[in-house]
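Structural overview for review
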Amino acid sequence: MLCYFDNSATTKCAPLVIEKMNEVMNEHYGNPSSLHNVGFDGEKMLSEARSIIAKSLKADQKEIIFTSGGTESNNMALLGSAMANKRAGRHIITSSIEHASVNAPLKMLEELDYEITYLPCDNNGTVSISELEDNIRDDTILVSIMHVNNEIGAVQPTEDIGRIIKKHNSNCLFHVDAIQSFGKYAINPKKMNIDLLSVSGHKIHGPKGSGFLYIKQGTKIKPIIYGGGQERGLRSGTENVYSQCGLGVAVSLMCDNMEENVKKLRTLKEHFVGRIKDMDFATINGLTNEQSAPNIVSVSIKDVRAEVVLHSLEEKEIYVSAGSACSSNKPAISKTLQAINVPKEMLDKTVRFSFSIYNTIEEIDYACDVLEDIIPKLMKYTRR
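Residues numbered from 1 in each chain as written. Predicted model: local features only at pLDDT ≥ 70, side-chain atom pairs only at ≥ 80, totals over all residues. Heavy atoms only, no water.

Observations concerning the overall build of the chain
From N to C terminus, the chain includes 11 helices and 12 strands. Here the chain has a C-alpha radius of gyration of 21 Å; the compact-globule value for 384 residues is 21 Å, and the two agree. Expressed along its principal axes, the backbone C-alpha trace of the chain runs to roughly 70 × 55 × 35 Å. As presented, the chain carries roughly 17100 Å² of accessible surface, and 49% of it is formed by carbon and sulfur atoms. With 43 positive and 48 negative side-chain charges, the chain shows a separation of 3 Å between the mean positions of the two kinds. (Helix = DSSP H or I, 4+ residues; strand = E, 2+ residues; numbered from the N terminus. Rg over C-alpha atoms; globule rule 2.2 N^0.38 Å. Areas by Shrake-Rupley, 256 points an atom, 1.4 Å probe, with all protein chains shown as cover. Lys, Arg positive; Asp, Glu negative; His and termini not counted. Charge placed at Lys NZ, Arg CZ, Asp CG, Glu CD.)

Written out as structure tokens, the structure reads:
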């Protein structure tokens, strides 16, 4: 039985997404910037996808900029807004558990003499609201805090954060990395005081190479890719029409059926957590109730390194992650696990299970049966 439990890294494309992409590649292949009917046809397809996405956020189509995915969206939000607003200040606030696609551009900005404040979080991965209030200044131009953490599923009080930011500095921009939350939580940027919001297509059963950045109308931001002036001059380059149209279908499937999808994910997660709690060699990191993401569980395994667990499960066709997929080829200790005070001896013994609407209870039971079989054997081997 093949069990794919690495859905926070990427998801399989939904059948209707593939169908739409094939249609666009075969029938609507014009360059949307071309001034002829085939080009207009491509532009029309893009506009339809943009409209679906805007509707899901109760936003205007002009506020949706297509990108190649989450990393580009995060880079564009951070670098573009920092460069556009540097006269107002050079102070930026983020959290200690952000994704590498946020941390890396912020490190670059530090090299350009921007000051970055990293907020601590508690043992459940929740950012300190009091620390946020204490650190917002008149020269704070941007706060960037993820909605759902990709490793442990911690959910931040995004609406409260947005309200506090605007209360203390109405000119400060609020960026939210919603790459793990979009399609699982209702997000209304205007209501939540969000100025910039990043989303990736391949996390919601859309294609890789698709994504968007929501930019609230009137937000000052500079492009980081220059050229032909596509996407209202903010993201040059010929649009990836078929992928973005596939993204539009994925957004419809996830957002129109959100309540049903989330209910299924929580059922899967609750069943998995119940099985894991009966295993004396396993410890769950962070919350597992409805205050946590419906699809992510971080598990530390006593005495067995994550890499060993991962490959032992792989032999049984069970696929999990040892952390963020973006760093899987460069083994390193997770900053998120360190931030939530996971014991030092468990930092390299933690794996992530992340579920999708295509998983089943039977798959979870099979995986848990395998864990109960192989982990005691591996523990005996590592103790020799």
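So that's the structure; there's more coming.
Let's talk about the pairing of strand S2 (residues 64-67)
Residues Ile-64 and Phe-66 point to one face of S2 and Ile-65 and Thr-67 to the other, with burial holding for every one of them. Bridge count between S2 and strand S8 (residues 211-215): four bridges; the pairing is antiparallel. Within the sheet, the bridge partner assigned to Thr-67 lies in S8 and is Gly-211. (Buried < 20%, exposed > 50% of the residue type's maximum accessible area, 1.4 Å probe, protein only. Pairing = 2+ DSSP bridges.)

Focus on a positive patch on the surface
Taken together, Lys-86, Arg-87, Arg-90, Lys-220 and Lys-222 make up a surface patch of like positive charges. By secondary structure assignment, the location of Arg-87 is in the loop between helix H3 (70-84) and strand S3 (91-95). Overall, the relative accessible area of 88% leaves Arg-87 in the exposed class. (Patch = residues over 30% accessible without salt bridge, like charges linked within 9 Å, V, L, I, M, F, W, Y side chains within 5 Å. Salt bridge = Lys/Arg side-chain N within 4 Å of Asp/Glu carboxyl O.)

Comments concerning the pattern of salt bridges
Pairing between side chains becomes possible if they bear opposite charge and their charged atoms approach one another. Tallied over the entire structure, the rule returns 16 salt bridges. Note that Asp-160 and Arg-163 form a salt bridge whose closest N and O atoms lie 3.1 Å from each other. Placement of the pair is Asp-160 and Arg-163 together in helix H6 (residues 158-168), with a separation of three residues, close to one helical turn. The class for Arg-163 is partly exposed, based on a relative accessible area of 47%. Its salt-bridge partner being Lys-166, residue Asp-195 comes within 2.8 Å of it at the nearest N-O pair. Taken as a pair, Asp-195 in the loop between strand S6 (173-177) and strand S7 (196-200) and Lys-166 in helix H6 lie far apart in primary sequence, 29 residues in all. You'll find Asp-195 and Lys-166 in the same group, each marked buried. What emerges from the salt-bridge pattern is a single network uniting Arg-275, Asp-365, Asp-369 and Glu-372.

What about the sheet that holds S6?
Read from one edge to the other, the open sheet built from seven strands follows the order S2-S8-S7-S6-S5-S3-S4, with strand pairing classed as mixed. At either end of the open sheet lies a strand with only one pairing partner, and these are S2 and strand S4 (115-119). Mean inter-strand twist for the sheet, computed between neighbouring axes without regard to direction, equals 20°. Sitting on the sheet, helix H2 (residues 37-56) is in contact with S2 and S8, with an inclination near 120° to S2. (Axes fitted to C-alpha atoms, helices over the stretch in contact; angles between N-to-C directions. Contact = heavy atoms within 4.5 Å.)

Quick word on helix H7 (residues 241-256)
When the terminal C-alpha atoms of H7 are compared, their 22 Å separation across 16 residues agrees well with the 22 Å that a helix rising 1.5 Å per residue should span. Burial in H7 covers these residues: Val-241, Ser-243, Gln-244, Cys-245, Gly-246, Leu-247, Gly-248, Val-249, Ala-250, Val-251 and Met-254. In the core, the buried residues of H7 are packed alongside helix H1 (15-27), H2, S2, S8 and helix H8 (258-276). (Expected span 1.5 Å × (residues − 1).)

Description of H8
With 19 residues, H8 ought to run about 27 Å at 1.5 Å a step, and its terminal C-alpha atoms sit 26 Å apart, in line with that. Among all positions of H8, only Met-258, Asn-261, Val-262, Leu-265, Arg-266, Leu-268, Lys-269, Phe-272, Val-273, Arg-275 and Ile-276 are buried.

Here's the deal with the state of the cysteines
Evaluation of the coordinates by the stated rule reveals zero disulfides. Not part of a disulfide, Cys-245 finds its nearest cysteine sulfur in Cys-13, a span of 13 Å. (Disulfide = S-S within 2.5 Å.)

Notes on the environment of Tyr-319
By the element assignment, Tyr-319 lies in strand S11 (residues 318-319). Separated by 314 residues in the primary sequence, Tyr-319 and Phe-5 place their C-alpha atoms 5.5 Å from one another. Beyond its immediate chain neighbours, meaning those up to four positions away, Tyr-319 contacts Leu-2, Cys-3, Tyr-4, Phe-5, Asp-6 and Glu-314.

Digging into the sheet that holds strand S12 (residues 350-354)
Spatial strand order, S9-S10-S12: three strands in an open sheet with antiparallel pairing. The open sheet has two edge strands with one neighbour each: strand S9 (282-285) and S12. Within this sheet the neighbouring strands show an average axis-to-axis angle of 35°, counted without direction. Along the sheet, H8 contacts S9, strand S10 (296-301) and S12; its crossing angle with S10, the most-contacted strand, is approximately 15°.

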